[in-house]
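Survey of secondary and tertiary structure
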Amino acid sequence: MSDDISLVALAGLGPVRAAEVRALIRDVPDYPHPPVVFRDITPLLADGPALADVIEAFAGLAEADGGIDVVAGMEARGFLLGAPLATRLGIGFVPLRKAGKLPPPVESVDYDLEYGSASIELRAGTLRPGARVLLVDDVLATGGTARAAADLVERCGGEVAGLAFLLELAGLGGRERLAGRTVDTLLRAGS
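Small disclaimer: the values here were computed from a predicted structure and weren't measured.

Notes on the overall build of the protein chain
When helices and strands are counted, the protein chain shows six helices and 10 strands. In terms of overall dimensions, the protein chain is globule-like: its C-alpha atoms have a radius of gyration of 16 Å, near the 16 Å expected for 191 residues. Here the protein chain, with 191 residues, has 43% of them falling under the buried criterion. Element-wise, carbon and sulfur atoms account for 54% of the exposed surface of the protein chain, whose accessible area totals about 8800 Å².

What to know about the pattern of salt bridges
This structure, assessed with the given rule, holds 15 salt bridges. Note that aspartate 69 is salt-bridged to arginine 128, the shortest N-O span being 3.0 Å. You can see aspartate 69 sitting in the loop between helix 3 (48-65) and strand 4 (70-74) and its partner arginine 128 sitting in the loop between strand 7 (116-123) and strand 8 (132-140), a full 59 residues away along the chain. Taking the relative accessible area as the measure of exposure, aspartate 69 reaches 30% and is therefore partly exposed. One network of salt bridges, with partners in common, ties together Arg17, Glu20 and Asp53.

A few points about the nonpolar core
Grouped together as the largest cluster of nonpolar side chains are 32 residues, with contacts concentrated most on Leu44, Val54, Phe58, Leu166 and Leu186. Elements that contribute at least two residues to this core include exactly helix 1 (15-23), helix 3, helix 4 (77-89), strand 8, strand 9 (159-170) and strand 10 (183-190). Top element by residues in this core is helix 3. It accounts for nine residues. Leucine 44 has contacts with Val21, Leu24, Ile25, Ala50, Leu51, Val54 and Leu166, leaving out every residue within four places of it along the chain. Met74, Ala149, Phe165 and Val183 belong to the second-largest nonpolar core, a separate cluster that totals 25 residues.

Looking at the environment of phenylalanine 165
As for its position among the elements, phenylalanine 165 is in strand 9. Residue class for phenylalanine 165 comes out buried when judged on its relative accessible area of 1%. Note: C-alpha distance between phenylalanine 165 and leucine 140 (25 residues apart in sequence) is 6.2 Å. Ignoring sequence-local partners within four residues, the contact set of phenylalanine 165 consists of Phe58, Met74, Asp137, Asp138, Val139, Leu140, Ala146, Leu178, Val183, Asp184, Thr185 and Leu186.

Quick word on unusual backbone geometry
The peptide bond linking tyrosine 31 to proline 32 adopts the cis configuration, its omega dihedral lying at 5°. As for its position among the elements, proline 32 is in the loop between strand 2 (26-29) and strand 3 (37-40). Across the junction of proline 104 and proline 105, the peptide omega takes the value 0°, indicating a cis bond. Within the secondary structure, proline 105 is located in the loop between strand 5 (92-98) and strand 6 (106-113). Notably, aspartate 30 is not glycine yet its phi reads approximately 60°, a positive angle.

Topic: the side chain of arginine 22
As for its position among the elements, arginine 22 is in helix 1. A residue is classified by how much of its surface remains accessible, and arginine 22, at 8% relative accessible area, is buried. A distance of 3.1 Å separates the side chain of arginine 22 from the side chain of aspartate 27, its partner in a polar contact.

Things to note about the packing of aromatic side chains
Going through the model one piece at a time under the given rule, you end up with two aromatic pairs. A ring pair is formed by tyrosine 31 and phenylalanine 38, whose centres lie 5.4 Å apart and whose planes are at 85°; its orientation type is edge-to-face. We classify tyrosine 31 as partly exposed; its relative accessible area is 48%. What makes phenylalanine 38 partly exposed here is its relative accessible area of 25%. Look at phenylalanine 79 and phenylalanine 93: their rings are 6.1 Å apart centre to centre, the planes differ by 80°, and that puts the pair in the edge-to-face class. Taken together, the residues span a long stretch of sequence, with phenylalanine 79 in helix 4 and phenylalanine 93 in strand 5 at a distance of 14 residues. By relative accessible area, which is 27% here, phenylalanine 93 ends up partly exposed.

Thresholds, definitions, all that
Residues numbered from 1 in each chain as written. Predicted model: local features only at pLDDT ≥ 70, side-chain atom pairs only at ≥ 80, totals over all residues. Heavy atoms only, no water. Helix = DSSP H or I, 4+ residues; strand = E, 2+ residues; numbered from the N terminus. Rg over C-alpha atoms; globule rule 2.2 N^0.38 Å. Buried < 20%, exposed > 50% of the residue type's maximum accessible area, 1.4 Å probe, protein only. Areas by Shrake-Rupley, 256 points an atom, 1.4 Å probe, with all protein chains shown as cover. Salt bridge = Lys/Arg side-chain N within 4 Å of Asp/Glu carboxyl O. Core = buried A, V, L, I, M, F, W, Y, C linked by side-chain atoms within 4.5 Å. Contact = heavy atoms within 4.5 Å. Polar contact = N/O pair within 3.5 Å; in protein donor to acceptor, adjacent residues only side chain to side chain. Phe/Tyr/Trp six-rings, centres within 6.5 Å; stacked < 30°, edge-to-face > 60°.

Such coordinate-based values are descriptive only and should not be taken to indicate function.
In structure tokens, the structure reads:
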């Protein structure tokens, strides 16, 4: 896989450490089906210093954007990165859940996946009107989930200050699907 760590946020760690962090993301070919390459972040999450480096890199992005009121994480791996980031920044965390996981009342946005459709939900009244929200997830691929999450935050009265991802899979159109929004990634990899 061709990775670019020189032009994105983990480059601040230096090339050796950035490569070490990237090496903790396991590539699983043909999962859940061919020709998908699943990016497993479990080894990175299990490595305390690497996880701390990732959270610090995300914090640098959030602080550069300025004025973030809350971090929102997309289910489920966005929770694993977003909650510690919110703690590090001293602000709240909001989970954006799959349909049916939250008690009513909820707001919902439907979106298409490569292999079907899905919905993402947020409990109504969770965001204060005008709250500046940083959306966080592990992977930016086609951008469908991220776009739905941004639409949901705005429907609930928040303002999307930016979107931050651990890994961008270049060539799948995710960044283009989020055109007009601030999108930051820590690592960029070939699709």
